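# Observations on the model geometry
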Amino acid sequence: MFKRILVANRGEIALRILRACRELGVETVAVFSEADRGAAYLELADEAYCIGPPKAAESYLKIDRVISAAEIGNVQAIHPGYGFLAENAHFAEICRSCEIEFIGPSHEAMALVGDKNAARKLAKQVNVPTVPGSDGLVEGEAQAVSLAHELGFPVLIKAAAGGGGRGMRVALNDLALKSAIQQAQAEAEAAFGNAEIYLEKYVEHPRHVEVQVIADRHGNAVHLFERDCTMQRRHQKLVEESPAPLLDENTRAEMCEAAVRLIRAADYTNAGTVEFIVDPSGNYYFIELNARIQVEHPVTELVTGIDLIKAQLLVASGEKLPFAQGDVKPQGASIECRINAEDSEKNFRPTPGTISRFRVPGGFGVRFDSHVHEGYVVSPYYDSMIGKLLVHQPTRAEAIACMKRALAEMRVEGVKTTIPMHQKILDHAAFNESRVDTTFIERTWPS
Amino acid sequence: MKESSPTNQDIFDVRKIRRLVEMMKAHDLSEIDLQQGEVRIQLRRPQPCFQQSFVPQPPNPALAAPMKQEAVAEPAVPPRADAGIMIKSPMVGTFYAAPDPESPPFVKVGDHVGPDTIVCIVEAMKVFNQIPAEVSGRITAVLVENGSSVEFGQPLFKIEAGG
């Protein structure tokens, strides 16, 4: 196990990692921007260094400063959290060339799965179903049009360098397709520095189901079952749960095995998430592999009882996974609500400000992961998430009741939150009966 | 807080105090206690009385400078060029006062520097970065020890500008 690591992130995930390290006896070095100076969670770290002004691009994303902090902090490894540099293969490579372990996959595996088109090809090679689409990149308009006719409209144009819902456009007909291709390429070039695109059939009314995986460097690869993240708004997840409701047992088993097959083929180590969409007929299709620990990882921790951050540290320090596939036995149902400082009645506008009152829920089966407290200043520089509220109960119905109760207990004053939105979702019959798809929130509560 | 305030002959900056009061009202704060070096401002509501403690500096020809605020989402007020200021580290790394262990330090207290004068080295990732003063003035204090770690924004030298 490492003696000391650096946490290259902020907020709730930094706190999460600091906690796991404390329990393992691993010393920690935190980094912070001037906007996060004095944040309470930094007190959990053994050392903390300021790495720049508030803007992420001038602080948390500054590779040289993060590495310098790692050097003066004398750490053996860096945990990148999620977002920021977590899926930056260049950063992972620099860490290793500075003889600092990167807590995540190898930069080669990261680069491979980061190329969505390459990941799709790999999936096909190991018989992981993919959405019908182009065989590789789309080279020209004519090719795209003829393929779209084969697949049938609507089609989805996707950026090879995109991901997480970015760099996608739907086209309903030839004309739309032609202009969408040009726009998609321009946007991809601007956003990712890479204009490569591919085409997929647009699956309508999909559910989003992802599989948590983890692999060590001794050839052990394990899945920790699935999470359903269908409740999204503009590709941002709001509510996640496990197990995925109404998922056929055979389908579940197949998807989980497919996920493991895929990460073996990619030589992928440490934690990752394999994302699928499931159509109304129950067909599942691989979408992308997220090469990082995810925001909603606690959902899986609650149903499996396995600490994923500790597992990441163990794997990165060269140890074997402390559990085999047969040891992973999910129990009960878990739900997570992402609480954001946003006004759900004003188009989810972020509402930075000072939290004047913060009452946190508790009780049997409630977990609240948050770096926020009374007096905390929610700044405008970073994402607006102020906490993750999770519940774990023997059945889904009980989990829903528990979450409603916990949400009703929460008091947040000084900023607006998405708590009212979550309450609406949990009260909605469609959610309770799992008659939802990824467009549900936008259709039911249009801006 | 790591920054020290410059010499301040302007005891009341009424605009700043008014802004603080407005912020207190807006966020329903009952108390603000700000300290910067030897200067401290304490504001309490709802009693309309302001307390301020101030430790006077020895007489100094430099003119008063506005205090840099650490308030939420407010841009930093840049120090006026004719006042005492800080040279801060633009990077994270290890501070070296001299070009090499055998040489004398780049600067010492009392030295005059110009914007391009190299005042120290901050080493990071095996690269020895020479740090220029970026202001003109006289070094009045060296704030970090040779070989110590420095973070972004950490004050390295106190400088009386204009000299």
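Only a predicted model underlies this, so the values are computations on that prediction, with no experimental measurement involved. (Residues numbered from 1 in each chain as written. Chains lettered and ligands numbered in written order. Predicted model: local features only at pLDDT ≥ 70, side-chain atom pairs only at ≥ 80, totals over all residues. Heavy atoms only, no water.)

## Structural notes on unusual backbone geometry
Residues and elements named next belong to chain A. Omega for the bond connecting phenylalanine 153 with proline 154 falls within 30 degrees of zero, at -5°, which places this linkage in the cis form. Looking at the secondary structure, you find proline 154 in the loop between α6 (141–151) and β6 (155–163). The amide bond that connects serine 242 to the next residue, proline 243, takes the cis arrangement and shows omega of -5°. Residue placement: proline 243 occurs in the loop between β11 (236–242) and α8 (249–265). A positive phi angle, close to 65°, is found at histidine 235, a residue other than glycine. Judged by relative accessible area, histidine 235 falls into the partly exposed class, the value being 44%. Look at serine 434: it is not a glycine, yet its phi comes out positive at around 55°. The residue serine 434 is located in the loop between α13 (429–432) and α14 (440–444) in this model. Classification of serine 434 as buried rests on a relative accessible area of 12%. (Helix = DSSP H or I, 4+ residues; strand = E, 2+ residues; numbered from the N terminus. Buried < 20%, exposed > 50% of the residue type's maximum accessible area, 1.4 Å probe, protein only.)

## Focus: helix α9 (residues 297–304) of chain A
Residue and element names in this part refer to chain A. Burial of α9 is extensive: eight of the eight residues sit out of reach of the surface. Along α9, the residues classified as buried are His297, Pro298, Val299, Thr300, Glu301, Leu302, Val303 and Thr304. Positioned one or two residues after α9, glycine 305 has a phi angle of 75°, which is positive.

## Here we look at the pairing of strand β8 (residues 127–132) of chain B
Residues and elements named next belong to chain B. Here strand β7 (residues 118–124) pairs with β8 via six bridges, running antiparallel. The residue of β8 that forms the bridge with cysteine 120 is isoleucine 131. Linkage of β7 to β8, two consecutive antiparallel strands, is achieved through a turn of two residues, within which methionine 125 is found at a positive phi near 50°. (Pairing = 2+ DSSP bridges.)

## Overview of the pattern of salt bridges
Residue and element names in this part refer to chain A. Applying the stated rule across the entire model yields 35 salt bridges over all chains. The partner of arginine 227 in a salt bridge is glutamate 210, and the shortest N-O contact between them spans 2.8 Å. Here arginine 227, found in strand β10 (residues 221–233), pairs with glutamate 210, found in strand β9 (residues 207–215); they are 17 residues apart in sequence, far enough to count as distant. We note that arginine 227, like glutamate 210, is buried. Each member of the salt-bridge network shares a partner with another, and the members are Glu210, Arg227, Lys237, Glu240, Glu275, Glu296 and Arg338. (Salt bridge = Lys/Arg side-chain N within 4 Å of Asp/Glu carboxyl O.)

## A few points about the sheet that holds strand β2 (residues 27–33) of chain A
All names here are of chain A. Read from one edge to the other, the open sheet built from five strands follows the order β3-β2-β1-β4-β5, with strand pairing classed as parallel. Pairing within the sheet leaves two strands with one partner each, and these edge strands are β3 (47–52) and β5 (101–102). Strand direction decides the pairing type here: strand β1 (residues 4–7) and β2, joined by four bridges, are parallel. Looking at β2, one finds that arginine 4 is bridged to glutamate 27.

## Observations concerning the sheet that holds strand β10 (residues 149–150) of chain B
All names here are of chain B. Overall, antiparallel pairing links the four strands, which are arranged β8-β7-β5-β10 in an open sheet. Edge positions in the sheet fall to β8 and β10, since each has one partner strand and no second. Taken together, the two bridges between strand β5 (residues 93–96) and β10 define a ladder with antiparallel strand orientation. Considered in β10, the bridge of glycine 93 is made with valine 150.

## As for the pairing of strand β19 (residues 366–369) of chain A
Put simply, side chains in a regular strand alternate between the two faces of the sheet. Residue and element names in this part refer to chain A. Burial along β19 is two-sided: Val366 and Phe368 facing one way and Arg367 and Asp369 facing the other are all buried. Across four bridges, β19 lies against strand β21 (residues 385–393) in antiparallel orientation. Bridge assignment links phenylalanine 368 to a residue of β21, and that residue is leucine 389.

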